Amino acid sequence: MRGGGAVSAIRYTLTTAKSAGFCFGVDRAVKLVYEALSAGKQVATLGPVVHNDAVVGDLLEKGARIISQVSELREGETLIIRAHGVSRAVYEELRQRGNPVIDATCPFVERIHRIVEEQSAAGREVFIAGDPDHPEVQGIVGFGTGNCTVFRDETELKYLIDRTLPKRLALTAQTTYNKISWADCIKALPADHPDLQIFDTICNATAARQSDADALSRESDLMIVAGGRHSSNTLKLVDVCRRNCPTWHIDDAREMFGLADEISAAAREALAKPQRSDPVLHIGITAGASTPAHIIKEVQTYMSEIIDTNITTPDSEDVSFVDELEKTFKKIRKGDRVKGIVASISGNSEVMVDLGAKQTGYITLSELTSDTSKKPSDLVAVGDELDLVVIQVNDAEGTVQLSKRRVDEMIGFETILKAKEEGTVLEGTIVSVVKGGLIAVTTDGVNVFIPASHSGLRRDADLNVLLKQTVRFKIIDVNEQRRRAVGSIREVADADRKAAEERFWATAKVGDVFTGEVKSLTNYGAFVDLGGIDGMVHVSELSWSRIHQPSDVVAVGDTIEVYIKALNPETRRISLGHRRPEDNPWVKFVQNYAVGDIVDATIVSITAFGAFARITDGIDGLIHISQLSEQRVTNVKDVVKAGDTVTVKITAIDEEKKRISLSIRAALEELGTENAETESEEVVYSDETPADDASDAE
Ligand code: SF4
């Protein structure tokens, strides 16, 4: 079907491929799921029923579940087998479980099941051309009796038959297999094979889409292919079109917002080619077998809008909404403001509107609202009067495409202009991630483009984390004529951070306690977010124990309690403390131990002049070599080794220098051993260096 836009400077055609969008098998499967849900059934599908996020999302919202194996079925739940089909073993498993089943296997796939079953039973080896990982192929293989082999292409087939050519052979293919590759495979087989059966099972829907896309892209200046990013038949269409002209692959019509400049540039380039004689720009649209019709309609609409706005000069037919606001229209024309009464709501995608004219008015979901989380029934009810604008009149079909969203946007745009002028912060919901940024919809329904660099996220961050989030942003650029607005979340976040900083410096004082997240680590400390402002905890402040680096005790993302040790408002530096005085192991030690106590301690290190022994966590004392035994010791290692538990007497505590002296000899003496001489030596608290210890001890 070819439509067009009459403009004063440039003319263009917008053509949709003859076969585009849902194929028979997918359409049937999707309808069966909707029917089962409307009949009040608990429904699960074995894998997504279609490679289209919008449709799958809608089915999930309506209560369908996606499961990956039969064992996940709940009692009484109805399983819908999707168009790809399943293996015989899955049918058997379902029979044993007894759950109700609706079989939406495409009849073309069922035909392959029968072929494989018969040929396999007749004793033929069955070679299947296709992707062995594709669920359709796995289902097909499951109808053989163990004598099926899948090959991807002619090369793999040649390898198979070179190795062993089966005496009795049947050849078939996945429904979406490439026609040209199939022909190559047939040629690769020996023409004089005595028992070879060939079954061309490639589905016409796939082949027709590819040949229609090829034909259309040959006569187009640019192409748009709509369909899921993971849909194999859509990817094949993209390949076909790219061979002939510049092509964009989108899986949601909204992506065109982000592509407007790129598409416009390609269109201008095509029109400016010196050898070009045709003054008309030709744009083609096609879509994969999993793309619903309403997405194709949206693509047509957005494409018209892009060309009308960016490439052409508005002619006298383009009517200003504002000028027409109060007028009553008898003849419906593109751009008219009209009032319509909601006549019916069809599923989740369209609202039919009575305009009091001979044409039927309809509003697609994307023209009803920018908020993809809403359904038509959330927004309007039958009988509502709506303020609308005409975006397309199709006299041949007797339809008028209308938009409520654009009227809302026009009104909402006044708010945008005011916000830009006054620097007001607006609120909106992120509805999609597009090339180069995000689309936020304001509470007034206006789309605002947020460039990735203004998202407030790190450069390499995934923008999808903001999807469906409510965000605050400032308007940083407005194109009034094109009614486009650009916003910045980052500016608001920066301003918030600055305000938080000012508040902090106005009130913060030494001793204030905060609970903050560790933002980064260096060798010398950890930076902690105090609510928009970072402070540093020096490594020595992180733990009472000896640590080598901050990562020994904290990790980025940890939440820790800190207190302000020092502040410098001029350099804006904040030193934080983390370890608490009451946790100081030395304080605990002197509260609990005294000179004369006999305790068990663990040898932690050996030196030439003695051994260090740990009394409690973080508290070590020195047993001088002369105190290791009642006998004279010449080598410390002859008496103790690291890890030994020894009984010692605390012979001295130097609180000022935080040093503890210990003696095994004194302990033995006190415990009744004779000939003990007590002479304690000064020892060091574990923070001191062994060199100091040695000199003090001597
Ligand atoms: Fe059926 Fe063909 Fe569609 Fe596959 S592509 S579901 S075989 S109609």
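The structure displayed is predicted, hence computed values, not measured ones. (Residues numbered from 1 in each chain as written. Predicted model: local features only at pLDDT ≥ 70, side-chain atom pairs only at ≥ 80, totals over all residues. Heavy atoms only, no water.)

### Here's the deal with unusual backbone geometry
Stated formally: To qualify as a helix, a DSSP run of H or I must reach at least 4 residues; to qualify as a strand, a run of E must reach at least 2; elements of each kind are numbered from the N terminus.
Even without glycine at this site, Lys468 takes up a positive phi of about 70°. Relative to the elements of secondary structure, Lys468 occurs in the loop between strand E21 (447-451) and strand E22 (470-479). Backbone geometry at Lys658 places phi at a positive 55°, although glycine is not the residue there. For Lys658, the location among the structural elements is in the loop between strand E32 (645-654) and strand E33 (659-663).

### Some details on helix H8 (residues 204-218)
The condition that has to hold: Each residue after the first adds 1.5 Å to the expected span of a helix. Any residue under 20% of the maximum accessible area for its type is buried, any over 50% is exposed, and the rest in between are partly exposed; the area is computed with a 1.4 Å probe on protein chains only. Whether two residues are in contact is decided by their heavy atoms: any pair within 4.5 Å suffices.
Taking 1.5 Å of rise per residue, the 15 residues of H8 would be expected to cover 21 Å, and the 21 Å separating its terminal C-alpha atoms lies within 8% of that figure. Among all positions in H8, only Ala205, Thr206, Ala207, Arg209, Gln210, Asp212, Ala213, Leu216 and Ser217 are buried. On its buried face, H8 is in contact with strand E2 (11-16), helix H7 (179-188), strand E11 (222-226), helix H9 (232-242) and strand E13 (280-287).

### Side note on the packing of aromatic side chains
Quick reminder of the rule: Stacked, tilted and edge-to-face are the three classes assigned to paired rings of Phe, Tyr and Trp, where Trp is represented by its six-membered ring and a pair needs centres within 6.5 Å; plane angles under 30 degrees give stacked, over 60 edge-to-face, the rest tilted. As a reminder, the over-ring test applies to NZ of lysine and CZ of arginine, requiring each to be within 6 Å of the ring centre and within 35 degrees of the ring normal.
Considering all chains together, one arrives at 8 aromatic pairs under this definition. Cluster of aromatic residues (ring-pair linked, three or more members): Phe504, Trp505 and Phe514. Note that Arg579 overlies the ring of Trp544, its terminal NZ or CZ placed 3.8 Å from the centroid.

### Side note on the site of the ligand
Filter applied, for reference: Being near a molecule or strand, for a residue, comes down to having at least one heavy atom within 4 Å of it. Residue polarity is assigned by list, with Asp, Glu, Lys and Arg as charged and Ala, Val, Leu, Ile, Met, Phe, Trp, Tyr, Cys and Pro as nonpolar; anything else, Gly included, falls into the polar class.
Taken together, Cys23, Gly25, Ala83, Cys106, Phe108, Thr175, Cys203, Ala205 and Thr206 form the complete shell of residues around the ligand. Here the shell around the ligand is composed, by residue class, of 6 nonpolar, 3 polar and no charged.

### Re the side chain of Glu77
Counted only if it meets this: We define a polar contact as two N or O atoms separated by no more than 3.5 Å, with the added condition that, inside protein, one atom must be a possible hydrogen donor and the other a possible acceptor, whereas residues neighbouring each other in sequence contribute only through side-chain atom pairs.
Checked against the element boundaries, Glu77 lands in the loop between strand E4 (65-67) and strand E5 (78-81). Polar side-chain contacts of Glu77 include one of 2.9 Å to the backbone nitrogen of Arg74. Setting aside residues up to four positions removed in sequence, Glu77 forms contacts with Gln42, Val43, Ala44, Arg65, Glu72, Asn99 and Pro100.

### Some points on the sheet that holds strand E24 (residues 513-521)
Which entries qualify depends on this criterion: At least two DSSP bridges between two strands are needed for those strands to be called paired. For helices, the fitted line uses only the C-alpha atoms of the stretch in contact; every axis is such a line through C-alpha atoms, and the angle between N-to-C directions lies from 0 to 180 degrees.
Read around the barrel, 5 strands follow the order E24-E25-E26-E28-E27 and close on themselves; strand pairing throughout is mixed. Averaged over all neighbouring strand pairs, the angle between strand axes comes to 55°, with direction disregarded. In terms of strand pairing, E24 meets strand E25 (residues 525-529) through 4 bridges, oriented antiparallel. Paired with Val518 across the bridge in E25 is Val528. Here helix H16 (residues 489-507) sits on the sheet in contact with E24, strand E27 (559-568) and strand E28 (573-577), set at roughly 65° to E27.

### Some remarks on the pattern of salt bridges
This is how it is decided: One side-chain nitrogen of Lys or Arg within 4 Å of one carboxyl oxygen of Asp or Glu is enough to make a salt bridge.
Enumeration according to the criterion identifies 30 salt bridges in this entry. With its nearest N and O atoms 3.9 Å apart, the salt bridge here joins Arg152 to Asp133. Of this pair, Arg152 sits in the loop between strand E8 (148-151) and helix H6 (154-163) while Asp133 sits in the loop between strand E7 (125-129) and helix H5 (135-141), and the two are 19 residues apart along the sequence. Exposure remark for Arg152: the relative accessible area of 39% places this residue in the partly exposed category. In this structure, the salt-bridge partner of Glu501 is Arg572, at a minimum N-O distance of 3.7 Å. Within this pair, whereas Glu501 is found in helix H16, its partner Arg572 is found in the loop between E27 and E28, the two being separated by 71 residues in sequence. Note on Arg572: relative accessible area 37%, which makes it partly exposed. Sharing partners across several salt bridges, the network here consists of Asp131, Asp133, Arg152 and Glu156.

### A few points about the packing of helix H1 (residues 24-38) against helix H2 (residues 53-61)
Heads up, the rule is: Throughout this description, any angle smaller than 35 degrees is read as roughly parallel, any larger than 145 degrees as roughly antiparallel, any in the 65 to 115 degree range as roughly perpendicular, and the remainder as oblique. Should the near helix be turned counterclockwise from the far one by less than a right angle, the crossing is left-handed, whereas a clockwise turn marks it as right-handed.
Packing of H1 against H2 brings their axes to within 11 Å, and their N-to-C directions diverge by 15°. Relative to H2, the element H1 lies roughly parallel. In this structure, the crossing between H1 and H2 has a hand that is left-handed. Contact residues: Val30, Val33, Tyr34 and Leu37 in H1; Val55, Asp58 and Leu59 in H2. Its residues assigned to classes, the contact of H1 with H2 shows 6 nonpolar, no polar and 1 charged.

### Re the confidence of the model for the protein chain
Caution is warranted with low-pLDDT regions, since their predicted coordinates should not be read in detail. Under the convention used in this document: Per-residue confidence from the predictor is reported as pLDDT, a score between 0 and 100.
Confidence in the prediction for the protein chain averages 84 pLDDT; 90% of positions are at 70 or higher. Between residues 313-330, whose pLDDT stays under 50, and residues either more than four places distant or in other chains, the model counts 23 contacts. A low-confidence stretch, residues 673-698 (pLDDT under 50), is modelled with 69 contacts involving residues beyond four sequence positions or located in other chains.

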